[in-house]
Amino acid sequence: RNPNHYFVTSFGTGLFEFDHDTLVRQHLPGEDNTIVAIIESNPKQYTRLDCAIYDKDNNLWFIDACKLSQLQCLDASGEWHSITLSLDGNLFGVYTPCALFIDKFNPNYKWFGTARENTCVCLYDDNGTPFDDTDDRFVHRDSWVNQDGQTFKPNNIYNMLQDTQGRVWICTDL
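The sections below set out a description of the structure shown in this document. Quick caveat: nothing in here was measured; it's all calculated off a predicted structure.

Along the chain, the position of arginine 48 falls in strand E4 (residues 47–54). Lacking a salt bridge, the buried arginine 48 has aspartate 64 as its closest oppositely charged neighbour, with an N-O distance of 8.8 Å. For arginine 48, the side chain forms a polar contact with the main-chain oxygen of phenylalanine 11, separated by 3.4 Å. Only 3.3 Å separates the side chain of arginine 48 from the backbone oxygen of glutamine 45, close enough to count as a polar contact. Apart from the residues within four sequence positions on either side, arginine 48 is in contact with Ser10, Phe11, Gly12, Ile38, Ile63, Asp64 and Ala65.

This is the structure in structure tokens:
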């Protein structure tokens with residue numbers, strides 16, 4: 001991957017593509033991509049993208065916090081893919097993403113969280129077929145049990161990361 005060619009997400013104005021710090025293109029819905037805006041009539045202000053990360057195959061993954069709740073990918077060849085997240089047959093809202101990372105020990109796992117409104121930690125398993133969602137698994141958790149046996153449910157999740165031993169750390173308001 002060329003370190004001088006990179007992308008920046010924006011929680012309002014789309015995906016920006018740069019080469020050597022020069023803006024190459026602003027990607028907005030309705031073009032040759034799978035990006036969706038919350039308000040389709042005004043995509044320059046309501047395209048909510050966040051948490052971009054590359055996988056080992058140089059595919060760019062990010063969250064499209066639109067009404068369809070999509071995990072987006074721009075693959076290394078330049079083709080766009082979107083995965084609509086659903087839980088028990090219902091669309092799953094990721095309106096305020098707070099983190100996205102690819103598991104260090106299982107690259108099929110994409111972990112992400114929602115900061116507020118439907119606050120939770122999610123795990124998306126592409127089952128080794130990242131652009132075929134027919135065999136995928138999606139789970140979420142919004143409450144946990146602490147060392148004293150007490151259930152707690154945070155109001156906000158600020159960030160998440162995975163340490164070198166594979167443990168997922170969650171920064172909350174509690």
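Two elements, strand E16 (residues 157–162) and strand E17 (residues 168–172), share 5 bridges in a ladder whose sense is antiparallel. Residue pairing across strands places glutamine 162 opposite valine 168, the latter belonging to E17.

Let us look at the layout of surface pockets. Space left empty within the atom packing is revealed by a probe, the size of a water molecule, rolled over the atoms. When its volume is computed, the largest pocket comes out at roughly 180 Å³. Around the largest pocket, the lining residues are Trp111, Val121, Cys122, Leu123, Val139, His140, Arg141, Trp144, Val168 and Ile170. Residue classes in the lining of the largest pocket are distributed as 8 nonpolar, 1 polar and 1 charged. Taken as a whole, the second largest pocket holds about 150 Å³ of empty space. Lining of the second largest pocket is provided by Arg1, Asn2, His5, Phe7, Tyr54, Asn58, Leu60, Leu74, Asp75, Ala76 and Gly78. Looking at side-chain class alone, the lining of the second largest pocket contains 5 nonpolar, 4 polar and 2 charged residues.

Moving on: the packing of aromatic side chains. Under the criterion given, the structure shown has 7 aromatic pairs. Look at phenylalanine 101 and tryptophan 111: their rings are 6.2 Å apart centre to centre, the planes differ by 15 degrees, and that puts the pair in the stacked class. Note that phenylalanine 101 is positioned in strand E10 (residues 97–102) and tryptophan 111 in strand E11 (residues 109–114), a separation of 10 residues in sequence. Here phenylalanine 112 and phenylalanine 138 contribute two aromatic rings whose centre-to-centre distance is 6.1 Å and whose plane-to-plane angle is 15 degrees, an arrangement assigned as stacked. Here phenylalanine 112 is found in strand E11, whereas its partner phenylalanine 138 is found in strand E13 (residues 137–141), with 26 residues between them in sequence. Comparing phenylalanine 112 with phenylalanine 138 shows no difference in burial state: the two are buried. Put simply, the rings of Phe92, Phe112 and Phe138 touch in pairs and so form one group of aromatic residues. One residue, arginine 1, lies across the ring of tyrosine 54, its end atom 3.8 Å from the ring centre. Above the face of the tryptophan 61 ring, lysine 110 is positioned so that its terminal group lies 4.6 Å from the ring centre.

Strand order in the open sheet formed by 7 strands is E3-E2-E1-E4-E5-E6-E7, and the pairing between neighbours is antiparallel. The open sheet has two edge strands, strand E3 (22–27) and strand E7 (80–84), and neither has a second partner. Shown here is a sheet whose adjacent strand axes are inclined to one another by a mean of 25 degrees, direction ignored. In this sheet, E3 lies alongside strand E2 (residues 14–19) in antiparallel orientation, the contact comprising 5 bridges. By the bridge assignment for E3, leucine 15 is matched with histidine 27.

Further remarks concern the nonpolar core. One recurring pattern in soluble globular proteins: nonpolar side chains tend to sit buried together. By size, the foremost hydrophobic cluster in this structure holds 17 residues, and its most contacted members are Leu85, Phe92, Phe112 and Phe138. Of all the secondary structure elements, the ones that give two or more residues to this core are strand E5 (60–64), strand E6 (70–74), E10 and strand E12 (120–125). Counting residues per element, this core draws most heavily on E12, which supplies 3 residues. Ranked by size, the runner-up nonpolar core spans 10 residues in total, among them Ala99, Ala115, Val121 and Ile157.

Cut-offs applied
Residues numbered from 1 in each chain as written. Predicted model: local features only at pLDDT ≥ 70, side-chain atom pairs only at ≥ 80, totals over all residues. Heavy atoms only, no water. Helix = DSSP H or I, 4+ residues; strand = E, 2+ residues; numbered from the N terminus. Buried < 20%, exposed > 50% of the residue type's maximum accessible area, 1.4 Å probe, protein only. Lys, Arg positive; Asp, Glu negative; His and termini not counted. Salt bridge = Lys/Arg side-chain N within 4 Å of Asp/Glu carboxyl O. Polar contact = N/O pair within 3.5 Å; in protein donor to acceptor, adjacent residues only side chain to side chain. Contact = heavy atoms within 4.5 Å. Pairing = 2+ DSSP bridges. 1 Å grid on protein atoms, 1.4 Å probe; cavity = no way out; pocket = protein on both sides within 12 Å on 5 of 7 lines; lining within 4 Å. Points joined across faces, edges and corners; volume = space filled by probe spheres on them. Nonpolar A, V, L, I, M, F, W, Y, C, P; charged D, E, K, R; others polar. Phe/Tyr/Trp six-rings, centres within 6.5 Å; stacked < 30°, edge-to-face > 60°. Lys NZ or Arg CZ within 6 Å of the ring centre and 35° of its normal. Axes fitted to C-alpha atoms, helices over the stretch in contact; angles between N-to-C directions. Core = buried A, V, L, I, M, F, W, Y, C linked by side-chain atoms within 4.5 Å.

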